[in-house]
Amino acid sequence: MSLSTAAKKTVLISGGSIAGPATAFWLNRYGFKTTIVERWPELRPGGQSVDVQHYGMEAIIKMGLGQALKDRFTGETGTTFTDKNNKVYMNLPVGQGPTNETEILRGDFADMLYQETKNDTEWVFGDYVTSVNEQEAAGKVEVGFNSGKKDTYDYLIIAEGARSWGRKAASLDQGVEYRPIGCYIAYFSIPFEESTPFKDQWHVVALPRKRCIYYRPDFKANTQRAGVMFISNESKGYEKLSQQEQKAKIAELYADGGENADRMIKYLDQSDDLYFEYLGQVHAPKWSSSSGRVHLVGDAAWCGTPMIGMGCSLSVAGAYILSGEMAKHMDDPKAAARGYEENWRPTVTEAQKIAPGIPHIMFQETEWGNKVFLNIMSAVGFVVGSRFVQAIGPIITKIWNRLFPSQEQKTLPDYEQYLVERK
Ligand SMILES: Cc1cc2nc3c(=O)[nH]c(=O)nc-3n(C[C@H](O)[C@H](O)[C@H](O)COP(=O)(O)OP(=O)(O)OC[C@H]3O[C@@H](n4cnc5c(N)ncnc54)[C@H](O)[C@@H]3O)c2cc1C
């Protein structure tokens with residue numbers, strides 16, 4: 001296919017975090033003309049470490065970004081679980097616990113994708129979609145923006161995250177369920193202090209009343225990414241408060257949390273990247289409009305919450321499949337929508353399953369409950385870290401994989417033949 005033919009297809013992508021730019025990355029290479037509109041006034045900062053695994057890593061390697069990802073590794077050396085007084089219950093090194101070799105800050109990940117798309121994609125910050133009008137006969141999508149601008153595109157892709165508003169504007173919200181998992185989460189940056197304990201670790205502090213604090217290092221910016229997580233069986237509406245009110249709420253809820261809470265509260269007011277959410281999964285019965293001109297991708301389509309640990313992996317791999325199907329069926333958008341569903345839905349359905357009891361068993365009501373839980377975790381940590389298990393682990397994994405091949409091992413489809421020559 002020649003670039004001039006394909007370049008006629010224009011795509012508006014709403015949302016410039018992970019799924020949006022990952023989709024633009026590929027569409028640019030298939031010869032589409034892409035625009036990303038991001039509601040935030042600049043590339044949105046914030047978030048803690050995320051990692052990329054399985055099909056996510058496969059997609060990253062196909063993008064040629066394996067080394068770029070490694071170069072941005074946070075340098076976190078493992079995960080340490082303590083109580084309020086920093087008594088260590090468990091320490092798991094990289095690769096043998098929650099810390100992976102591919103840990104990268106979410107903001108760094110978004111920046112990596114921004115750098116890879118900024119020359120080919122038109123990025124528009126500080127605006128958002130307010131109306132969507134599919135003109136089926138013309139094969140176009142008319143989009144209105146908050147700025148008052150109106151424009152027409154061949155495709156609209158909504159990558160606005162779990163709370164997507166564009167999903168509704170595009171009438172793709174019918175049957176979409178937002179299923180809360182009963183847990184609040186917040187992330188924000190604070191400076192390192194000389195006395196910061198476990199500086200190079202993912203430091204998880206278990207607190208009574210079903211709360212925890214955790215810190216993760218950002219050596220490049222010389223900051224720590226602080227996070228809080230607490231159980232709340234129903235939404236208390238905190239996610240709708242202003243950032244100032246959310247900061248006050250965190251300070252109030254963690255006032256008795258000891259030195260680790262005090263450090264976080266001390267700098268909370270200065271932080272400018274607070275992200276506060278009542279976690280929920282998005283289950284969408286369909287990801288594309290009937291014309292195949294409007295698609296959902298990333299958390300807007302299938303948010304699994306950080307509890308599944310696959311948010312970024314699903315985003316980059318899902319973006320790869322959506323854009324590949326669009327290229328494969330350049331003149332048949334409905335077939336592209338079908339291909340997207342068929343090739344990707346089974347993996348998403350599998351990935352969205354949260355282990356039984358999570359997140360509730362991770363949080364205890366009392367200090368004593370936390371001690372029991374941490375001691376059990378510590379025993380598990382001992383077994384996981386034991387030489388015996390390390391030695392036979394790879395053999396067991398091989399046998400298991402042979403007997404029960406999982407979705408995770410499925411290789412992504414190949415769309416290389418649809419790549420166009422780039423200037
Ligand atoms: C600030 C932030 C911090 C995060 N931190 C973590 C973390 O530490 N750990 C973790 O596991 N996951 C985190 N996530 C979620 C993680 O990025 C996603 O689970 C996953 O990568 C899927 O990404 P996504 O691009 O689909 O959605 P998201 O990452 O949620 O991004 C959606 C983007 O769309 C923009 N947007 C929203 N509405 C509109 C609109 N109407 N018009 C235009 N743009 C819009 C948002 O500003 C955002 O940039 C974070 C997300 C954000 C936004």
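Calculation notes
Residues numbered from 1 in each chain as written. Predicted model: local features only at pLDDT ≥ 70, side-chain atom pairs only at ≥ 80, totals over all residues. Heavy atoms only, no water. pLDDT = per-residue confidence, 0-100. Contact = heavy atoms within 4.5 Å. Helix = DSSP H or I, 4+ residues; strand = E, 2+ residues; numbered from the N terminus. Expected span 1.5 Å × (residues − 1). Buried < 20%, exposed > 50% of the residue type's maximum accessible area, 1.4 Å probe, protein only. Axes fitted to C-alpha atoms, helices over the stretch in contact; angles between N-to-C directions. Parallel < 35°, antiparallel > 145°, perpendicular 65-115°, else oblique. Left-handed = near helix turned anticlockwise from the far one by under 90°. Nonpolar A, V, L, I, M, F, W, Y, C, P; charged D, E, K, R; others polar. UniProt positions renumbered as here; feature names shortened; annotations may be inferred. Phe/Tyr/Trp six-rings, centres within 6.5 Å; stacked < 30°, edge-to-face > 60°. Lys NZ or Arg CZ within 6 Å of the ring centre and 35° of its normal.

Engineer: Honestly, the confidence of the model for the chain in this entry has me stumped. Any pointers?
Structural biologist: Fine structural detail should not be taken from predicted coordinates in areas where pLDDT scores are low. Of the residues in the chain, 91% have a pLDDT of 70 or more, and the chain-wide mean is 90. Confidence drops under a pLDDT of 50 for residues 392–408, and excluding neighbours within four residues, the segment shows seven contacts in the predicted structure.

Engineer: I keep staring at helix H5 (residues 106–117) and nothing clicks. Help me out?
Structural biologist: Helix length check: H5 (twelve residues) gives 17 Å between terminal C-alpha atoms against 16 Å at 1.5 Å per residue, within 8%. Those residues of H5 that fall on the buried side of the exposure criterion are Arg106, Gly107, Phe109, Ala110, Met112, Leu113 and Thr117.

Engineer: Would you explain the packing of helix H3 (residues 54–62) against helix H10 (residues 311–328) in this entry?
Structural biologist: For any two helices packed against each other, one specifies the inter-axial angle together with the distance between the axes. Between H3 and H10, whose axes approach to 8 Å, the crossing angle comes to 55 degrees. Here H3 lies oblique to H10, going by the angle between them. Handedness of the crossing formed by H3 with H10: left-handed. Taken together, the residues of H10 that come into contact with H3 (itself represented by Tyr55, Gly56, Ala59, Ile60 and Lys62) are Ser313, Leu314, Val316, Ala317 and Tyr320. Residue classes in the contact of H3 with H10 are distributed as seven nonpolar, two polar and one charged.

Engineer: How should I be thinking about the UniProt feature "domain: FAD-binding" (unreviewed entry) in the chain in this particular structure?
Structural biologist: The positions that UniProt labels "domain: FAD-binding" (unreviewed entry) are, in the present scheme, residues 10–331. Between the C-alpha atoms that bound residues 10–331 the distance is 13 Å, and the span itself is 27% helix and 31% strand.

Engineer: In this structure, what is going on with the packing of aromatic side chains? I would like to understand it.
Structural biologist: Describing an aromatic ring pair means giving the distance of the ring centres and the angle of the ring planes. Per the counting criterion, the structure on display carries 22 aromatic pairs. Aromatic side chains Phe230 and Tyr238 sit 6.4 Å apart centroid to centroid with 50 degrees between the ring planes, which places their arrangement in the tilted category. Put simply, the rings of Tyr184, Phe230, Tyr238, Tyr254, Phe276 and Tyr278 pair up and form one aromatic cluster. Here the guanidinium or amino end of Arg44 rests over the ring plane of Trp40, the centre of that ring lying 4.0 Å away. Sitting over the ring of Trp202, Arg216 keeps its end group 3.4 Å from the ring centre.

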